[in-house]
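Descriptive analysis of the structure
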Amino acid sequence: MVIKVKLYGNLREKASRSAEGAPGMVEIEDRGIKMVSDVLNALNIDEAETSHLFVNGKYSGLRKKVKNGDRVAIFPKNMGLLYKWYFRREENDQE
Amino acid sequence: MRKILRVNMNTLETSYEDVPEKYQTLGGRSMTSTVVADEVPPTCHPLGPHNKVVFAPGIVTGTDAPTSGRISVGGKSPLTGGIKEANAGTKCAQMLGRLGIAAIVVEGKHEGDDYYLLKVTRDGSALINANQWSGKGLYEVYKELFEEFGKAVGICSVGIAAELLGANSGVCFSDPEGLPSRYAGRGGLGAVMASKGLKFVVVDDTSAPGVEIKNNEAFEKGKEKLRKALTSHDVTKPGGALNSYGTDVLINIINEAGALPQRNFSSGQDDRSENVSGEKKAEEIKKRGGVRPHVCSPGCIIKCSEVWTNPDGTDPVGVLEYESVWALGPNCGIYDLDVVGELNRACNDLGLDTIEAGNTIAVAMEGGLAEFGDGEKALQLFEEIRNKTPTGKILASGTEVTGKVFGVVRIPTVKGQALPAYDPRSIKGIGVTYATTPMGADHTAGYAIAPEILKVGGEADPFDKKKADLSRDLQVATAFIDSSGYCLFIAFALLDISEGVEGMVETINGVLGTDFTVDSVAEIGKQILKTERVFNEAAGFTSVDDRLPEFMREEALPPHNEVFDVPDEELDRVFNF
């Protein structure tokens, strides 16, 4: 099992080196990865380059936990267009 | 002094009157809804002589305030049976504003079979026989009209779907390329216009006096603040999401959120949706030599529009909006941009509302008229409308009628109007707005400045509030923006930049000579909603009409497997102000 990461827009360039299969889809091992921010680090993506983050289809923050089998989606800065007042960003910082 | 232009379709005469005192501060939606509430009997037949069609540019429309080229169209809707306001961005709006026309009120009903064209210029207005431009597709007709009246005019029209008096018909305006692609689409107001015998409005603003600005200092100051907000915010600035990809950038985002309805609202996610995404479309437009970014009306900073073409760069369609791409694409199981483009072309050509039309085709597919994914058959169904066949007449009547005729149980409508591109089982807050807005299911009704900025009641954080309060506040703010003439997309910048909100209010004060504050404009929004609700109640609406369709509460939507579970009591709290 791995963590599947779906990259959108110009972030796909980050995937080109390792990508196989569906466009923008990267699979990474979960070693050392506990939350969304670790996924960004593993792919050398700075937080400032991102807009919306999703874990398994749930609008999420950097501290949302991730595990093997999860799907993480990362949208670049210039694709931010969510009606954010309708969404609650999920985090796990209490645990 | 702004004027109201009255167009009597019984006598085929036009006349002008001063804007009455009580309408002095109205524009856009506040103007159309107030005139409809004052002059249209709520129980009248929407296609009978007592209904009216009202056009009103926004308060600042026609000035050089950025991103302010909106026009509202109002009347009693043949689709919902309630009050309707639909708006579009087009230079027609700006031209009417510059001519000093606060509203055009079309009343009565022509007795014969002829269709008419209303020509509006600085020197006056007149009705001209328009039979030669009727019964034809709008792409062809627009070319003929520009040839007849000159390239600089603005055109408003209704199409063949409206000639059928189909509630699926929108009111179409010309875009800067002269294409019939800018729609005040929703609610079947096209049919109301055609029922009166009016098919076109042609506006020429040569030597127009311009919009009167009562306090230039306030206006200029506000304009600058707003410009700064729009050019600096990530969503609205050049190179931002709307500018780079258009509204269709939402396909991948909402699909990722599991809320992009697929195959008539039977799933919320399908990775094939990526084939019709904003990224894919921008890439193709670049390859084909289409235009992106592009404006719907001059003076827009955001520039979310575009010109989609055939693969060889010919035969421009106009913009492919997120809602249209979704309705005609994933919601019909279609994941090919060229097929979606041709379906959108057919809608523009026939004068159909793309959201209603896509839902209608999806319901027809579920009812057995075609397989999901069969784009060729979908195009043939639109040809039934063009040929005015009995099947075409059913489809032109919209989603609910089509569902009933073909025995479909899963009919995604509220108050008879089909749902837009966000499944309310995954995004429950928007479901509250779909259920309760006086307009019938409408995403734009609660799509505005966050309540923590407009302070329309309640505390700061929208996420800590009950959904009824959130939806109410958003609907109030939206009603105000819909009256201003500004595009709703300025809300993205205003959400985060409070100087932008001040700027918007200051430009309005500049034009009107008023002293509204950021807090006091919320009262205006509330008043508009009250007016609309009172009309609907008198037309026979009750709380039962403020509900989502039954299947939304019973069928769990993949991938999150959620149903819509906001209690009825919560929905009924939205309008308890």
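Up top is the structure these notes are about.
Residues numbered from 1 in each chain as written. Chains lettered and ligands numbered in written order. Predicted model: local features only at pLDDT ≥ 70, side-chain atom pairs only at ≥ 80, totals over all residues. Heavy atoms only, no water.

**Describing the overall build of chain A**
The test is simple: A helix here means a DSSP run of H or I that spans at least four residues, while a strand means a run of E at least two residues long, and both kinds are numbered starting from the N terminus. The contact criterion used throughout is that any non-hydrogen atoms of two residues lie within 4.5 Å. Per-residue accessibility takes into account occlusion by the displayed protein chains alone, with areas from the Shrake-Rupley method and a 1.4 Å probe.
On a plain count of helices and strands, chain A comes out with one helix and five strands. For chain A, the α and β elements follow one another from N to C terminus as β-β-α-β-β-β. Intrachain contacts of chain A at a sequence separation of at least 6 include 65% that bridge at least 24 residues. With an accessible surface of roughly 4800 Å², chain A has 44% of that area assigned to carbon and sulfur atoms.

**Focus on the packing of helix H1 (residues 28-39) of chain B against helix H21 (residues 521-538) of chain B**
Residue and element names in this part refer to chain B. Operational definition: Every axis in this analysis is a line fitted to C-alpha atoms, fitted for helices over the stretch in contact. Angles between the N-to-C directions lie between 0 and 180 degrees. Left-handed describes a crossing whose near helix is turned anticlockwise from the far helix by less than a right angle; the clockwise case is right-handed. Residue polarity is assigned by list, with Asp, Glu, Lys and Arg as charged and Ala, Val, Leu, Ile, Met, Phe, Trp, Tyr, Cys and Pro as nonpolar; anything else, Gly included, falls into the polar class.
Axis separation between H1 and H21 bottoms out at 10 Å; the angle between their running directions is 30 degrees. Crossing hand, H1 versus H21: left-handed. Residues Arg 29, Ser 30, Ser 33, Thr 34, Val 36 and Ala 37 of H1 form the contact with H21, whose participating residues are Ile 528, Leu 529, Thr 531, Glu 532 and Phe 535. Class assignment of the residues belonging to the contact of H1 with H21 gives a composition of five nonpolar, four polar and two charged.

**A closer look at unusual backbone geometry**
Note the following rule: Only protein chains enter the accessibility calculation, which uses a 1.4 Å probe. A residue is then buried if its area is under 20% of the maximum for its type, exposed if over 50%, and partly exposed in between.
Cis geometry is adopted by the peptide bond preceding Pro 293 of chain B, which originates at Arg 292 of chain B and carries an omega value of -5 degrees. Residues Pro 558 of chain B and Pro 559 of chain B are joined by a peptide bond in cis, for which omega reads 5 degrees. Mapped onto the elements, Pro 559 of chain B comes out in the loop between helix H22 (550-554) and helix H23 (568-573). Despite not being glycine, Asn 44 of chain A has its phi angle at roughly 60 degrees, a positive value. Tracing the chain through its elements places Asn 44 of chain A in the loop between helix H1 (36-42) and strand E3 (50-55). Residue Lys 415 of chain B is not a glycine yet carries a positive backbone phi of 55 degrees. Take Lys 415 of chain B: it is sitting in the loop between strand E15 (413-414) and strand E16 (417-418). The exposure class of Lys 415 of chain B is buried, given its relative accessible area of 11%.

**What about the nonpolar core?**
Going by this rule: Only buried residues count toward a nonpolar core. Its members are Ala, Val, Leu, Ile, Met, Phe, Trp, Tyr and Cys residues joined through side-chain atoms within 4.5 Å.
Grouped together as the largest cluster of nonpolar side chains are 117 residues, with contacts concentrated most on Leu 81 of chain A together with Phe 382, Ile 385 and Met 504 of chain B. Those residues in contact with Ile 385 of chain B, other than ones at most four positions away along the chain, are Ile 160, Ala 161, Leu 164, Leu 350, Leu 352, Gly 392, Leu 395 and Ala 396 of chain B. Val 7, Val 53, Cys 92 and Met 193 of chain B belong to the second-largest nonpolar core, a separate cluster that totals 37 residues.

**Describing the environment of Ala 167 of chain B**
Residues and elements named next belong to chain B. You can see Ala 167 is positioned in the loop between helix H4 (160-163) and strand E10 (171-174). Given a relative accessible area of 9%, Ala 167 falls into the buried group. A C-alpha to C-alpha distance of 9.1 Å links Ala 167 and Glu 356, two positions 189 residues apart in sequence. Beyond its immediate chain neighbours, meaning those up to four positions away, Ala 167 contacts Pro 78, Leu 79, Gly 187, Gly 188, Ala 396 and Ser 397.

**Observations concerning the sheet that holds E10 of chain B**
Paired through backbone hydrogen bonds, the strands of a sheet run either parallel or antiparallel to each other. Residue and element names in this part refer to chain B. The cut-off we apply is this: By this definition, two strands are paired if DSSP reports at least two bridges between them.
Taking strand neighbours across the sheet as the criterion, the six strands line up as E8-E7-E12-E9-E10-E11 in an open arrangement whose pairing is mixed. Both edges of this open sheet fall to strand E8 (124-129) and strand E11 (180-184), since each of them pairs with a single strand only. Strand-to-strand twist across the sheet, computed as the mean angle between neighbouring axes with direction ignored, equals 25 degrees. Relative to strand E12 (residues 198-203), strand E9 (residues 154-157) runs antiparallel, the two being bridged by four bridges. When the sheet's bridge partners are listed, Cys 156 is paired in E12 with Val 201. Against the sheet, helix H3 (residues 138-149) contacts strand E7 (116-121), E8, E9, E10, E11 and E12, and its axis sits at roughly 140 degrees relative to E9.

**Overview of the pattern of salt bridges**
Residue and element names in this part refer to chain B. Defined as follows: Definition used for salt bridges: Asp or Glu carboxyl oxygen within 4 Å of a side-chain nitrogen of Lys or Arg.
Scanning all chains against the criterion turns up 55 salt bridges over all chains. Note that Lys 22 is salt-bridged to Asp 38, the shortest N-O span being 3.0 Å. You can see Lys 22 sitting in the loop between strand E2 (13-18) and H1 and its partner Asp 38 sitting in helix H1, a full 16 residues away along the chain. Given a relative accessible area of 58%, Lys 22 falls into the exposed group. Residue class for Asp 38 comes out partly exposed when judged on its relative accessible area of 41%. Of the charged contacts in the structure, one is a salt bridge between Arg 29 and Asp 482, with a shortest N-O distance of 3.1 Å. Here the residue Arg 29 occupies a position in helix H1, and Asp 482 occupies one in helix H18 (residues 467-484), the gap between them amounting to 453 residues. Owing to a relative accessible area of 2%, Arg 29 belongs among the buried residues under this scheme.

**What to know about the packing of aromatic side chains**
All names here are of chain A. Stated formally: Whether two aromatic rings pair depends on their centres lying within 6.5 Å, for rings of Phe, Tyr and Trp, where Trp uses its six-membered ring; planes under 30 degrees apart make the pair stacked, over 60 edge-to-face, and the rest tilted.
Throughout the structure, instances matching the rule amount to eight aromatic pairs over all chains. Aromatic side chains Tyr 8 and Phe 75 sit 4.2 Å apart centroid to centroid with 0 degrees between the ring planes, which places their arrangement in the stacked category. Of the two residues, Tyr 8 sits in the loop between strand E1 (3-7) and strand E2 (25-28) while Phe 75 sits in strand E5 (residues 71-76), which places them 67 residues apart along the sequence. Of the two residues, Tyr 8 and Phe 75, neither departs from the other in class, the shared state being buried. Relative to Tyr 59, the ring of Phe 54 lies with its centre 5.8 Å away and its plane at 50 degrees, an arrangement referred to as tilted.

**Some points on the sheet that holds strand E3 (residues 53-57) of chain B**
Residue and element names in this part refer to chain B. Reading across from one edge, E2-E1-E6-E3-E4-E5 is the order of the six strands in this open sheet, with mixed pairing throughout. Two strands bound the open sheet, and with one partner strand each, they are E2 and strand E5 (83-89). Between one strand axis and the next, the sheet turns through 20 degrees on average, direction left out of account. Strand direction decides the pairing type here: strand E1 (residues 3-8) and E2, joined by six bridges, are antiparallel. By the bridge assignment, Asn 8 is partnered in E2 with Glu 13.

**Here we look at the pairing of strand E4 (residues 70-76) of chain B**
Consecutive side chains along a regular strand alternate between the two faces of the sheet. All names here are of chain B. For E4, the buried fraction is high: seven of the seven residues fall into the buried class. Neither face of E4 is left uncovered, since the one carrying Arg 70, Ser 72, Gly 74 and Lys 76 and the one carrying Ile 71, Val 73 and Gly 75 both have all their residues buried. Bridge count for E3 against E4 is four bridges, and the pairing is antiparallel. Of the residues in E4, the one forming a bridge with Ala 56 is Ser 72. Where E4 meets E5, seven bridges bridge the pair, whose relative direction is antiparallel. Bridging from a neighbouring strand, Ile 71 pairs with Ala 88 of E5.

**Focus on the side chain of Glu 506 of chain B**
Mapped onto the fold, Glu 506 of chain B is located in helix H20 (residues 498-512). On the basis of relative accessibility, which here comes to 17%, the residue Glu 506 of chain B falls in the buried class.

Read these as layout, nothing more, since geometry by itself doesn't imply function.
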